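Letter by letter, the chains look like this.
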Amino acid sequence: MMAQAPWAVDVLVEATMPARVPTAKTVPLATGPDPARLLTWYDRHQRVLPWRARPGEQPDPYRVWLAEIMLQQTTVVTVGPYYARFLARWPTVEALAAAPLDDVLGGWAGLGYYARARNLHRCAQAVVTKHGGRFPDTEEGLLALPGIGRYTAAAVAAIAFGRWAVVVDGNVERVMARLFSIASPLPRAKPEFYAAAERLTPDQRAGDYAQAVMDLGATICTPRSPKCLLCPWNDACAAHDAGDTERYPVKTPKAERPTRRGVAFVLMKDDAVWLRRRPEDGLLGGMLEAPSTPWRDKAWTPASARAHVPANAQWKALPGIVEHGFTHFAIEFTVWVAQAKSRQKVADKNGAWCRIADFGRLALPTMTRKVLDAVLAVQPAKQPARERARPRIMAK
């Protein structure tokens, strides 16, 4: 077994800074990674991000919070355009709280993990109604808000308010794993990563330090081919010293992702499609979809699928399948399409006719868009004989 680096030895001391939580912490020995050196590197090389305050600027808690929610399980490159559109449309927490949930879900469509959007809206409303439009400035206060967990509370407290807090995301985990050669596999190693990060978080500039470690992981200590020669901590890194940086963090082998199957029913009428809203709780909660069979491992036969059609019509199966991947399983849809009659009744009470021209502003997850795109590619919408009022998707 590889010997533990000498700076990984814990020394328990009582914290004396009143802003610090918890009241005791572990600290590295003098030969360990120096937070001051990392902060010097950060002052020279920090990333310019739209939600990050420039030197001399005061961080905006609303912008910090919005970005941190969007960045969960999502890359900076993907988040950038969504963040800009959200901020242009809802520049304050009051504006977001007053927005209809459907509009927020529509603005979020494509980012995935849609429970974040619902909790984002609920959190904004809580900040306005319970806190007068001001975010709590402590981890404890932030943790009491909807959709804010340990990481987000620490990040907002440190970055937006300058509180001492231990901020650990995937980039920080990778840096800690390599600095201290933490061989425990994920997710079991998470407490060790947190303890290592706690040891290094300085009393001063905790928010800058948190962003510095995240920048280090994103730009230098990358998952593959880390740029160790440019790292300000390379002389204190156990993995670099051993020449096996890419071994860390150690990950538990992932189980094979199962595939589920379903039949999606796209019912069209002139320039509209019947869409239903998914249940509020669970996967894609509150989002819109084409009606479908239940999702299961076994493929559906035409006879078994017909029992789930939303209306009596001349259904036709499109060739091929539509594939989509979720975190824990993949889904394969066979797509059936039909034209509804002018006074066609639809059995599904959780849906409504949605104009195709309105798809860009509706809460359509990527899965739904793939199904609809497959249909519209081979069967464009018919234009109505005359312009008339049409119902939009029902409000929540």
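(A) Seen up close, the overall build of the chain. Across its full length, the chain carries 14 helices and nine strands. Put simply, the chain has 396 residues, and 51% of those count as buried. If you take every contact in the chain between residues at least 6 apart in sequence, the share linking residues at least 24 apart comes to 70%. About 20100 Å² of surface is accessible on the chain, with carbon and sulfur atoms providing 54% of the total.

(B) How the structure looks around the nonpolar core. Grouped together as the largest cluster of nonpolar side chains are 109 residues, with contacts concentrated most on Trp65, Met176, Trp233 and Val266. For this core, the element with the most residues is helix α8 (residues 150-161), which contributes eight residues. In this view, methionine 176 contacts Ser181, Ile182, Phe193, Ala196, Ala197, Leu200, Tyr209, Val213 and Trp233; residues no more than four positions away in its chain are not counted.

(C) Representation of unusual backbone geometry within the structure. Look at the link from leucine 186 to proline 187: it is a cis peptide, with omega at 0°. Along the polypeptide, proline 187 turns up in the loop between α9 (170-179) and α10 (190-200). Residue proline 249 follows tyrosine 248 across a cis peptide bond; omega there is -5°. For aspartate 270, which is not glycine, the phi dihedral falls at a positive 55°.

(D) Quick look at the packing of aromatic side chains. Summed over all chains, the structure comprises 13 aromatic pairs. Look at phenylalanine 86 and tryptophan 90: their rings are 4.9 Å apart centre to centre, the planes differ by 65°, and that puts the pair in the edge-to-face class. Of the two residues, phenylalanine 86 and tryptophan 90, neither departs from the other in class, the shared state being buried. Taken together, a centroid distance of 6.0 Å and an interplanar angle of 85° make the contact between phenylalanine 86 and tryptophan 108 edge-to-face. Separated by 22 residues along the polypeptide, phenylalanine 86 in helix α3 (residues 76-89) and tryptophan 108 in helix α5 (residues 101-108) bring together distant segments of the chain. Neither phenylalanine 86 nor tryptophan 108 differs from the other in exposure class; each is buried. Taken together, the ring pairs connect Trp295, Phe326, Phe329 and Phe333 into an aromatic cluster. The lysine or arginine in question, arginine 85, covers the ring of tyrosine 82, its NZ or CZ lying 4.7 Å from the ring centre. It is arginine 296 that lies over the ring of tryptophan 300; its NZ or CZ is 3.6 Å from the centre.

(E) Representation of the side chain of arginine 178 in the model. Residue placement: arginine 178 occurs in helix α9. Lacking a salt bridge, the buried arginine 178 has glutamate 246 as its closest oppositely charged neighbour, with an N-O distance of 6.1 Å. Engagement of the side chain of arginine 178 in a polar contact is seen with the backbone oxygen of threonine 245, the distance being 2.9 Å. Discounting chain neighbours no more than four positions away, the residues touching arginine 178 are Cys221, Thr222, Pro223, Pro226, Cys237, Ala238, Ala239, Thr245, Glu246 and Tyr248.

(F) Structural view of the state of the cysteines. Under the criterion given, the structure shown has zero disulfides. Of all cysteine sulfurs, the one in cysteine 221 lies closest to cysteine 231, which takes part in no disulfide; the gap is 6.4 Å. No disulfide involves cysteine 237; its sulfur sits 6.4 Å from the nearest other cysteine sulfur, which is in cysteine 228.

(G) Representation of the confidence of the model for the chain. Model confidence for the chain is summarised by a mean pLDDT of 87, while 88% of its residues fall at 70 or above. Mean pLDDT in the chain bottoms out at strand β1 (residues 11-14), which sits at 26, and peaks at helix α4 (residues 93-98), which reaches 98. Low pLDDT, under 50, characterises residues 1-30; the stretch is placed with 58 contacts to residues that sit more than four places away or in other chains. Across residues 385-396 the pLDDT falls below 50, and counting only partners more than four positions away or on other chains, this stretch makes 30 contacts in the model.

(H) Molecular detail of the pattern of salt bridges. By the definition in use, this model includes 17 salt bridges. Here aspartate 215 makes a salt bridge to arginine 47, at a shortest N to O gap of 2.7 Å. Of the two residues, aspartate 215 sits in helix α11 (residues 206-219) while arginine 47 sits in the loop between α1 (35-45) and α2 (61-71), which places them 168 residues apart along the sequence. Here glutamate 289 ties to arginine 278 by a salt bridge, and the two come within 3.0 Å at their closest N and O atoms. Taken together, the residues span a long stretch of sequence, with glutamate 289 in strand β5 (residues 288-289) and arginine 278 in the loop between β4 (272-277) and β5 at a distance of eleven residues. Here glutamate 289 and arginine 278 have matching classes, each one buried.

Cut-offs applied
- Residues numbered from 1 in each chain as written.
- Predicted model: local features only at pLDDT ≥ 70, side-chain atom pairs only at ≥ 80, totals over all residues.
- Heavy atoms only, no water.
- Helix = DSSP H or I, 4+ residues; strand = E, 2+ residues; numbered from the N terminus.
- Buried < 20%, exposed > 50% of the residue type's maximum accessible area, 1.4 Å probe, protein only.
- Contact = heavy atoms within 4.5 Å.
- Areas by Shrake-Rupley, 256 points an atom, 1.4 Å probe, with all protein chains shown as cover.
- Core = buried A, V, L, I, M, F, W, Y, C linked by side-chain atoms within 4.5 Å.
- Phe/Tyr/Trp six-rings, centres within 6.5 Å; stacked < 30°, edge-to-face > 60°.
- Lys NZ or Arg CZ within 6 Å of the ring centre and 35° of its normal.
- Lys, Arg positive; Asp, Glu negative; His and termini not counted.
- Salt bridge = Lys/Arg side-chain N within 4 Å of Asp/Glu carboxyl O.
- Polar contact = N/O pair within 3.5 Å; in protein donor to acceptor, adjacent residues only side chain to side chain.
- Disulfide = S-S within 2.5 Å.
- pLDDT = per-residue confidence, 0-100.

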